[in-house]
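# Descriptive structure summary
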Amino acid sequence: MQDSTPYAVGIDVGGTKTQLRALSGGDRVVDLVRSSTGWRPHDPGAAAGRLAALIHDALPAGASPSAVAVGGHACETPRQCEAIRAALHERLGVPVLVVGDAELLVPAAGLDKGVGLVAGTGSVAVGRLPDGGPVQVGGWGAVLGDEGGAAGLVREAARAVWAAHDRGEAPDALAAGLITAFEVAEVPALGAALEAASDVSAEWGRHSPVVFAAAEAGSPLARAVIAEGGRALASLVVRLARRGVTVDDVVVAGGMVLAQPALYTAFVSALTEVLPGARPHPLRVPPVEGAVALARSLL
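This write-up is about the structure you can find in this document.

Basis of the calculations
Residues numbered from 1 in each chain as written. Predicted model: local features only at pLDDT ≥ 70, side-chain atom pairs only at ≥ 80, totals over all residues. Heavy atoms only, no water. Core = buried A, V, L, I, M, F, W, Y, C linked by side-chain atoms within 4.5 Å. Buried < 20%, exposed > 50% of the residue type's maximum accessible area, 1.4 Å probe, protein only. Helix = DSSP H or I, 4+ residues; strand = E, 2+ residues; numbered from the N terminus. Pairing = 2+ DSSP bridges. Axes fitted to C-alpha atoms, helices over the stretch in contact; angles between N-to-C directions. Contact = heavy atoms within 4.5 Å. Phe/Tyr/Trp six-rings, centres within 6.5 Å; stacked < 30°, edge-to-face > 60°. 1 Å grid on protein atoms, 1.4 Å probe; cavity = no way out; pocket = protein on both sides within 12 Å on 5 of 7 lines; lining within 4 Å. Points joined across faces, edges and corners; volume = space filled by probe spheres on them. Nonpolar A, V, L, I, M, F, W, Y, C, P; charged D, E, K, R; others polar. Salt bridge = Lys/Arg side-chain N within 4 Å of Asp/Glu carboxyl O. Expected span 1.5 Å × (residues − 1). Arc of directions from axis to C-beta. Parallel < 35°, antiparallel > 145°, perpendicular 65-115°, else oblique. Left-handed = near helix turned anticlockwise from the far one by under 90°. Disulfide = S-S within 2.5 Å.

### Some words on the nonpolar core
With 56 residues, the main nonpolar core has Leu-174, Leu-178, Val-250 and Phe-267 as its most contacted residues. Looking at which element gives the most residues to this core, the answer is helix 9 (residues 220–242), with 10 residues.

### Digging into unusual backbone geometry
Phi at Ala-74 takes a positive value of approximately 65°, unusual for a residue other than glycine. With respect to the element layout, Ala-74 can be found in the loop between strand 4 (63–72) and helix 2 (78–92). At Glu-183, a position not held by glycine, the phi torsion is positive, near 55°. Looking at where Glu-183 falls in the secondary structure, it is placed in the loop between helix 5 (173–181) and helix 6 (190–195).

### Here's the deal with the sheet that holds strand 6 (residues 115–119)
Within the open sheet, the 5 strands sit side by side as 8-7-6-9-10. Their pairing is mixed. One side of each edge strand has no neighbouring strand; the edge strands of this open sheet are strand 8 (134–138) and strand 10 (279–282). The average undirected angle you get between the axes of adjacent strands in this sheet is 20°. Along the sheet, helix 10 (residues 261–274) makes contact with strand 6, strand 9 (249–253) and strand 10, crossing strand 10 at roughly 160°.

### Here we look at the side chain of Ser-24
Mapped onto the fold, Ser-24 is located in strand 2 (residues 17–24). Residue contacts for Ser-24: discarding those within four places in its chain leaves Thr-5, Pro-6, Tyr-7 and Val-29.

### Here's the deal with the packing of aromatic side chains
In this description, an aromatic ring pair is defined by two values, namely the gap between the centres and the angle between the planes. Throughout the structure, instances matching the rule amount to 1 aromatic pair. An angle of 55° between the planes, with centres 6.3 Å apart, marks the rings of Tyr-264 and Phe-267 as tilted. Of this pair, Tyr-264 and Phe-267 both sit in helix 10, separated by 3 residues, roughly a single helical turn. The pair formed by Tyr-264 and Phe-267 is uniform in burial state, with each residue classed as buried.

### Some points on the layout of surface pockets
Volume-wise, the largest pocket comes out at about 1000 Å³. In this structure, the largest pocket is lined by 35 residues; those nearest its centre are Gly-14, Gly-15, His-73, Asp-101 and Val-118. Residue assignment for the lining of the largest pocket shows that the elements contributing at least two residues are strand 2, strand 7 (123–128) and helix 7 (200–205). In terms of residues, the lining of the largest pocket owes the most to one element, strand 7, which gives 3 residues. Broken down by class, the residue content of the lining of the largest pocket amounts to 11 nonpolar, 17 polar and 7 charged. Here the second largest pocket is characterised by a volume of approximately 370 Å³.

### Some thoughts on the pattern of salt bridges
Between side chains of opposite charge, a pair can form when the charged atoms approach closely. Going through the model one piece at a time under the given rule, you end up with 12 salt bridges. Between Glu-103 and Arg-128 there is a salt bridge whose closest N-O contact spans 2.9 Å. With Glu-103 in the loop between strand 5 (96–100) and helix 3 (105–108) and Arg-128 in strand 7, this pair connects stretches of sequence that are 25 residues apart. Taken together, the shared-partner salt bridges connect Glu-147, Arg-155, Glu-156 and Arg-159 into one network.

### A few points about helix 10
With 14 residues, helix 10 extends 20 Å from end C-alpha to end C-alpha; this agrees with the ideal 20 Å at 1.5 Å per step. Buried residues of helix 10: Leu-263, Tyr-264, Ala-266, Phe-267, Ala-270 and Leu-271, and no others. Seen end-on, helix 10 carries its buried residues on one side only, within an arc spanning 160°. Among the exposed residues of helix 10, those pointing more than 90 degrees away from its buried face are Pro-261, Thr-265 and Glu-273. Residues of helix 10 that are buried sit in contact with strand 6, helix 4 (150–166), helix 8 (209–216), helix 9, strand 9 and strand 10.

### Thoughts on the packing of helix 8 against helix 9
It is the contact of helix 8 with helix 9, at a shortest axis distance of 7 Å, that shows an interaxial angle of 125°. Viewed along their axes, helix 8 and helix 9 adopt a mutual orientation that is oblique. Helix 9 is crossed by helix 8, and the crossing has left-handed handedness. Two secondary-structure elements touch here, helix 8 through Val-211, Phe-212, Ala-214 and Ala-215 and helix 9 through Ala-222, Arg-223, Val-225 and Ile-226.

### Focus on the state of the cysteines
Applying the stated criterion across every chain yields a total of 1 disulfide. Between Cys-75 and Cys-81 runs a disulfide, and the two sulfur atoms are separated by 2.2 Å. Residue Cys-81 is classed as buried on the basis of its relative accessible area of 7%.

Just geometry here; none of it tells us what the structure is for.
Below, the structure is given as structure tokens:
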């Protein structure tokens with residue numbers, strides 16, 4: 001039997017997990033979490049097919065969505081997001097919106113405009129120009145960027161340790177932690193260990209707790225790395241401001257910055273210094289709430 005109930009479907013495709021939430025009226029009727037393994041945003045057809053299958057599996061038998069909004073991890077340009085949107089619209093025949101996953105943060109916080117800042121394994125900030133055009137800064141991956149994200153912090157920690165070694169300083173708590181984490185015998189061996197990673201962001205990023213443990217143990221190197229990470233995150237907001245994005249409200253999410261108070265404090269301190277009028281808001285609801293809000297706006 002065909003179900004004529006209108007379902008607003010929001011999907012947050014994160015780097016690790018995908019969450020779908022569907023509302024009928026004001027009631028949550030579906031909440032589904034799946035792994036993001038296999039998400040291929042650079043293949044619009046495959047991405048749309050995956051999303052359509054997820055919606056089919058999630059909704060009640062015979063039901064169809066009335067509107068769909070997707071925040072997609074690694075959907076990095078308007079052209080890429082539009083290609084996925086068009087392919088998904090072709091399959092579903094209903095209004096569809098596809099944006100980068102960081103763009104879910106502002107609507108998830110109940111705001112109409114502002115900056116979405118994510119610092120998890122990586123780091124990225126997004127906003128919109130007065131004409132509605134999207135702007136993204138950061139998100140270049142652990143080898144080139146992602147400062148303030150988990151993998152970037154580990155990279156900078158290793159650089160700090162190497163610099164201290166070159167100055168002839170004895171290994172401190174940060175050096176000891178990295179040596180143990182990467183299972184090497186001494187500081188000079190860290191370079192080869194980092195370069196051996198097959199998945200740089202994930203394999204470096206999982207060792208980020210070492211940096212915070214070393215800071216708590218009194219390592220000046222670790223504390224400097226965290227402080228610089230906070231400044232790097234604030235600099236993403238500054239870049240958006242310089243490009244004309246309204247930055248009065250900055251919604252912050254990500255398993256790194258919200259799970260580590262030292263990093264969040266460093267970010268807020270740096271943001272206050274460089275943009276005194278910007279207000280940080282740690283996101284306290286799942287980003288999928290932003291996707292649902294965007295889907296409902298399409299009805």
